[in-house]
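Now for the letters of each chain:
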Amino acid sequence: MTKEHANWSPYDNNGGTCVAIAGADYCVIAADTRMSTGYSILTRDYSKICKLADKSFMASSGFQADVKALQKVLSSRHLIYQHQHNKQMSCPAMAQLLSNTLYYKRFFPYYAFNVLGGLDSEGKGCVFTYDAVGSYERVGYSAQGSGATLITPFLDNQLKSPSPLLLPAKDAVTPLSEAEAVDLVKTCFASATERDIYTGDSVEIIILNANGVRHESEQLRKD
Amino acid sequence: MNRVKYRISWFIVVQEITSSNTVVRTFFLLNQRVNDLVDISQLKGFRFEFSLSVEIMKLDFSGLESSAPLYGGSNELLSDGFSAAPSFDLPVTSDFDGFQKNSIQMVKPAKGTTTLAFIFKEGVMVAADSRASMGGYISSQSVKKIIEINPYMLGTMAGGAADCQFWHRNLGIKCRLHELANKRRISVTGASKLLANILYSYRGMGLSVGTMIAGWDEKGPGLYYVDSEGGRLKGTKFSVGSGSPYAYGVLDSGYKYDLTVDEAAELARRAIYHATFRDGASGGVASVYHVGPNGWTKLSGDDVGELHYSYYPVEPAIVEQEMTEAVVA
């Protein structure tokens, strides 16, 4: 007697790509704005980036319903933290919180591939990259989502920073200037759009530095 | 009737004899100090009375209790329970294993590795690579697989990266709580037991953890292997991960108890290098740590690509004939 398997899955993949690059005194977080399901486009201007704290932005691709729930959980935890400690959460602290939040759903995971970008307490850029169940590490740059396999080799070539595990320790952040990094991100998305059907429409870019937050938007191919 | 008093420390044997039947009730209490005074009358098949008073220490089974609720529990994120294991939301499905298999295939958590550790005269040497792979894709070349639980204890990561990171951090919290509660450091034996009990309670739910706990406590260097099946082994030499067969080959052939710290570090580094050379799921940076009486120190972190050329430098080929430019008429 064959078991009838469920035709309904609680998950769906809405596609999309997210990238973050850490610099000496800035951080660039970017995500495309296309939301798809199967071969259809649901919308062309959906923001995948969420501001969690003054100095922490999270960009997530995957199943956007889970992403929305995750953003809500983190935002409310941050609010509670602010009430209890009378200050904003630092980016490394938010990174740990995100990791634990993801792991608490270890047996029913959030289908979300996250990249957290921000400035640490010294003002240096920091990027944290995650898998779906919460394993994370601090890196100099990262890409997640459907176009990640196309973008990461390009970033490895342009930005390859020495591993933080080497002894004597070397800095992982890129020596590029802010303008160069933003340009690099636009190039990444333009290339990924050419070869990934789930990436396109436009890219939303957030630049964080000591002066505050800046938004930029760049149109991509809509086909 | 004779009354004989016995003091038994490891187990109580109580014999109750009624008429012609002999009923033996045996209580075995392992690993517990039992103070008792037992009056046992001489056994002659007669009915007689005896009295028994026993003080038993309460066995603490909290580590073995399954902490996962059957149905989605209340949101534990807002409460501050560190000493109890966290409760997890579970999917409402009749086919839990199928769901886990599909979701793990879909989310493809990062894994694959080579880690090793061995005890020698000067302490414990711990080494690991730094590659994380998601299926066939290398998701990272710079994963920290040697986790610093506290200044004198290290844990290695093999299997699911998130599982290892989370439970090692949880173990670090428990070790700190132990220190605060008992005013002394936890032993390596105790720490590994804490972790093993937690993993045992999640047995069968799909966690993937193959870890070694290495440390230096009052009894000297200690090394335990703990895995997500609930296994816990004490030993002097272990290697865990997809590259472990290759690491064992190098480690076994070069191991001696009387190595110096430098020699042992070189052996560990070489073993990791050879594993990364032959195993596709291992690579990146070979990190080597030493745990001594004063805690651990990181000895080296070398890119294995560069190690290859330092061990096997490219020799210029002996050229026997050289082509020269053809003379154009």
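Presented here is an overview of the structure given in this document. These numbers were taken from a predicted model, which means no experiment stands behind them.

**Examining the overall build of chain B**
For step 1, the next point in the chain: A count of helical and extended segments in chain B gives six helices and 17 strands.
For step 2, the next point in the chain: Of the contacts made within chain B by residues no fewer than 6 positions apart, 61% connect residues no fewer than 24 positions apart.
For step 3, the next point in the chain: Summed over its atoms, the accessible surface of chain B is roughly 18600 Å², and 54% of this surface lies on carbon and sulfur atoms.

**Re the packing of helix H1 (residues 64-85) of chain A against helix H2 (residues 91-103) of chain A**
All names here are of chain A.
For step 1, the next point in the chain: At a minimum axis distance of 11 Å, the contact between H1 and H2 shows a crossing angle of 130°. When the interaxial angle is binned, H1 and H2 end up oblique. The element H1 and its partner H2 pack so that their crossing is right-handed. Two secondary-structure elements touch here, H1 through Leu70, Val73, Leu74, Arg77 and His78 and H2 through Met94, Leu97, Leu98, Thr101 and Leu102.
For step 2, the next point in the chain: For the contact of H1 with H2, the residue count by class is seven nonpolar, two polar and one charged.

**Looking at the sheet that holds strand E15 (residues 237-241) of chain B**
Adjacent strands of a sheet pair through backbone hydrogen bonds, lying either parallel or antiparallel.
Residues and elements named next belong to chain B.
For step 1, the next point in the chain: The sheet built from five strands is open, its strands ordered E15-E6-E7-E16-E17 with antiparallel pairing. Two strands bound the open sheet, and with one partner strand each, they are E15 and strand E17 (295-303). If you compare each strand with its neighbour and ignore which way they point, the axes differ by 15° on average.
For step 2, the next point in the chain: Pairing of strand E6 (residues 114-120) with E15 involves five bridges; the strand directions are antiparallel. Along E15, the bridge assignment pairs Thr114 with Gly241.
For step 3, the next point in the chain: Packed onto the sheet, helix H5 (residues 261-278) meets E6, strand E7 (123-128), strand E16 (285-292) and E17 and runs at close to 155° relative to E6.

**Quick notes on the packing of aromatic side chains**
For step 1, the next point in the chain: Under the definition given, this model contains 23 aromatic pairs over all chains.
For step 2, the next point in the chain: Judged by centre distance (5.5 Å) and plane angle (10°), the ring pair of A:Tyr130 and A:Tyr136 falls under stacked.
For step 3, the next point in the chain: For A:Tyr130, a relative accessible area of 2% corresponds to the buried category.
For step 4, the next point in the chain: Take A:Tyr136: its relative accessible area is 18%, and that puts it in the buried class.
For step 5, the next point in the chain: Just above the ring of A:Tyr110 sits the side chain of A:Lys105; from NZ or CZ to the centre is 5.2 Å.
For step 6, the next point in the chain: Sitting over the face of the ring of B:Tyr311, B:Arg270 holds its NZ or CZ atom 3.9 Å from the ring centroid.

**Details of the nonpolar core**
All names here are of chain B.
For step 1, the next point in the chain: Formed by 33 residues in total, the largest nonpolar core has its most connected members in Met153, Trp167, Tyr202 and Ile213.
For step 2, the next point in the chain: At the level of secondary structure, the elements contributing two or more residues to this core comprise strand E10 (146-150), helix H2 (161-182), helix H3 (188-201) and strand E13 (220-227).
For step 3, the next point in the chain: A per-element tally of this core places H2 first, with seven residues.

**Description of the pattern of salt bridges**
For step 1, the next point in the chain: As enumerated under the stated definition, the model contains 17 salt bridges over all chains in all.
For step 2, the next point in the chain: The partner of A:Asp54 in a salt bridge is A:Lys51, with the nearest N and O atoms 3.4 Å apart.
For step 3, the next point in the chain: Assessed through its relative accessible area of 42%, A:Asp54 is described here as partly exposed.
For step 4, the next point in the chain: Between B:Asp252 and B:Lys237 there is a salt bridge whose closest N-O contact spans 2.8 Å. Of this pair, B:Asp252 sits in helix H4 (residues 244-254) while B:Lys237 sits in strand E15, and the two are 15 residues apart along the sequence.

**Digging into the interface of chain A and chain B**
For step 1, the next point in the chain: In this complex, chain A contributes 33 residues to the contact, which on the side of chain B involves 45 residues.
For step 2, the next point in the chain: Here chain A meets chain B over a buried area of about 3300 Å², counting both sides, of which 66% is carbon and sulfur.
For step 3, the next point in the chain: Remark: the boundary between chain A and chain B carries one salt bridge.
For step 4, the next point in the chain: As a salt-bridge pair, A:Arg106 and B:Asp163 come within 2.6 Å of each other at their nearest N and O atoms.
For step 5, the next point in the chain: Across the contact surface, chain A and chain B share ten residue pairs in polar contact (both at pLDDT 80 or more).
For step 6, the next point in the chain: Mapped onto the side of chain A that touches chain B, the elements with two or more residues apiece are H1, H2, strand E9 (136-139) and helix H3 (148-159) of chain A.
For step 7, the next point in the chain: Here the side of chain A that touches chain B is built from residues that sort into 20 nonpolar, seven polar and six charged.

**Observations regarding the side chain of A:Asn100**
For step 1, the next point in the chain: Relative to the helices and strands, A:Asn100 is located in helix H2.
For step 2, the next point in the chain: Contact partners of A:Asn100, with chain neighbours within four places excluded, come to B:Phe166 and B:Arg169.

**What about the state of the cysteines?**
Between two cysteines, a covalent bond joining their sulfur atoms is known as a disulfide.
All names here are of chain A.
For step 1, the next point in the chain: If you walk through the whole model with that rule in mind, you get zero disulfides over all chains.
For step 2, the next point in the chain: Of the cysteine sulfurs around Cys126, a residue in no disulfide, the closest is that of Cys91, at 3.5 Å.
For step 3, the next point in the chain: Its relative accessible area of 0% is what places Cys126 among the buried residues.
For step 4, the next point in the chain: With no disulfide of its own, Cys188 has Cys18 as its nearest cysteine by sulfur position, at a separation of 13 Å.
For step 5, the next point in the chain: In this structure Cys188 comes out as buried when scored by relative accessible area, which is 1%.

Conventions adopted
- Residues numbered from 1 in each chain as written.
- Chains lettered and ligands numbered in written order.
- Predicted model: local features only at pLDDT ≥ 70, side-chain atom pairs only at ≥ 80, totals over all residues.
- Heavy atoms only, no water.
- Helix = DSSP H or I, 4+ residues; strand = E, 2+ residues; numbered from the N terminus.
- Contact = heavy atoms within 4.5 Å.
- Areas by Shrake-Rupley, 256 points an atom, 1.4 Å probe, with all protein chains shown as cover.
- Axes fitted to C-alpha atoms, helices over the stretch in contact; angles between N-to-C directions.
- Parallel < 35°, antiparallel > 145°, perpendicular 65-115°, else oblique.
- Left-handed = near helix turned anticlockwise from the far one by under 90°.
- Nonpolar A, V, L, I, M, F, W, Y, C, P; charged D, E, K, R; others polar.
- Pairing = 2+ DSSP bridges.
- Phe/Tyr/Trp six-rings, centres within 6.5 Å; stacked < 30°, edge-to-face > 60°.
- Buried < 20%, exposed > 50% of the residue type's maximum accessible area, 1.4 Å probe, protein only.
- Lys NZ or Arg CZ within 6 Å of the ring centre and 35° of its normal.
- Core = buried A, V, L, I, M, F, W, Y, C linked by side-chain atoms within 4.5 Å.
- Salt bridge = Lys/Arg side-chain N within 4 Å of Asp/Glu carboxyl O.
- Buried area = accessible area lost by both parts, 1.4 Å probe.
- Polar contact = N/O pair within 3.5 Å; in protein donor to acceptor, adjacent residues only side chain to side chain.
- Disulfide = S-S within 2.5 Å.

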